[in-house]
Amino acid sequence: MSITPLYTTSATATGGREGRAESADGALSVALVTPKELGGAGGDGTNPEQMFAAGYAACFLSALKAVARGQKIKVPDNATTKAEVSIGKRADDGFALQVAITVDLPGLEADTADQLISAAHEVCPYSHATRGNIDVTVGRA
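Now for a look at the structure at hand. (Residues numbered from 1 in each chain as written. Predicted model: local features only at pLDDT ≥ 70, side-chain atom pairs only at ≥ 80, totals over all residues. Heavy atoms only, no water.)

**Observations concerning the pattern of salt bridges**
The tally for this structure, following the rule as stated, stands at five salt bridges. One salt bridge connects Arg140 with Asp114, and the closest N-O pair in it is separated by 2.6 Å. With Arg140 in strand S6 (residues 135–140) and Asp114 in helix H2 (residues 110–123), this pair connects stretches of sequence that are 26 residues apart. Note that Arg131 and Glu122 form a salt bridge whose closest N and O atoms lie 3.9 Å from each other. Assessed through its relative accessible area of 37%, Arg131 is described here as partly exposed. (Salt bridge = Lys/Arg side-chain N within 4 Å of Asp/Glu carboxyl O. Helix = DSSP H or I, 4+ residues; strand = E, 2+ residues; numbered from the N terminus. Buried < 20%, exposed > 50% of the residue type's maximum accessible area, 1.4 Å probe, protein only.)

Below, the structure written as structure tokens:
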């Protein structure tokens, strides 16, 4: 699939899971550590799964707001999206991810919330990129 880019950025990692990652503009600059669950020391720093979860959660909520705006539905100011990212071994060797998206839309009727969540999952770029590649579930908190 080809796109007409509206925004492009990049980040560079050094040292793998025990190094650093920095965006080209320097706005993101983080120490990377391997979680204890993956055989690392843990400690101060972040990991690729946490960064993926943060990006997916933010993008999904933005997609939901865009869908709601188009339908003239007000998304509550205190709406949140949580992306829970898991990494584990595949049966055929190697590793894979899975994601569970949970959306909290306080004050919206359940049917309206479900419809917005479903529509957001169709238009969110992260959802589109992962569709058919990893298990992703979406639902209300």
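**Observations concerning the sheet that holds strand S2 (residues 20–23)**
Taken in spatial order, the three strands of this open sheet run S1-S2-S3, and their pairing is antiparallel. Where the open sheet ends on each side, the last strands, each with one partner, are strand S1 (11–14) and strand S3 (29–31). Within the sheet, the average angular offset between the axes of one strand and its neighbour, ignoring direction, is 10°. Summarising the sheet, S2 and S3 pair through three bridges and their orientation is antiparallel. From the neighbouring strand, Glu22 faces S3, where its bridge partner is Ser29. (Pairing = 2+ DSSP bridges. Axes fitted to C-alpha atoms, helices over the stretch in contact; angles between N-to-C directions.)

**Section: the environment of Ala79**
For Ala79, the location among the structural elements is in the loop between helix H1 (48–70) and strand S4 (80–89). On a C-alpha basis, the gap between Ala79 and Pro106 in space is 6.5 Å, while along the polypeptide they are 27 residues apart.

**Points about the side chain of Thr46**
Within the secondary structure layout, Thr46 lies in the loop between S3 and H1. The contact partners of Thr46, leaving out residues within four places of it in the chain, are Val30, Ala31, Leu32, Val33 and Met51. (Contact = heavy atoms within 4.5 Å.)

**Description of the sheet that holds S4**
Strands sit in the order S4-S5-S6 across an open sheet of three strands; the sheet is mixed. Whereas interior strands pair on both sides, the edge strands pair on one side only; in this sheet they are S4 and S6. Averaged over all neighbouring strand pairs, the angle between strand axes comes to 15°, with direction disregarded. In the sheet, S4 pairs with strand S5 (residues 95–104) via ten bridges, with the strands oriented antiparallel. In the sheet register, Val85 faces S5, and the bridge partner there is Val99. Strand contacts of H1: S4, S5 and S6, with the helix running at about 145° to S4, the strand carrying the most contacts. Strands S5 and S6 of the sheet are contacted by H2, whose axis makes an angle of about 155° with S6.

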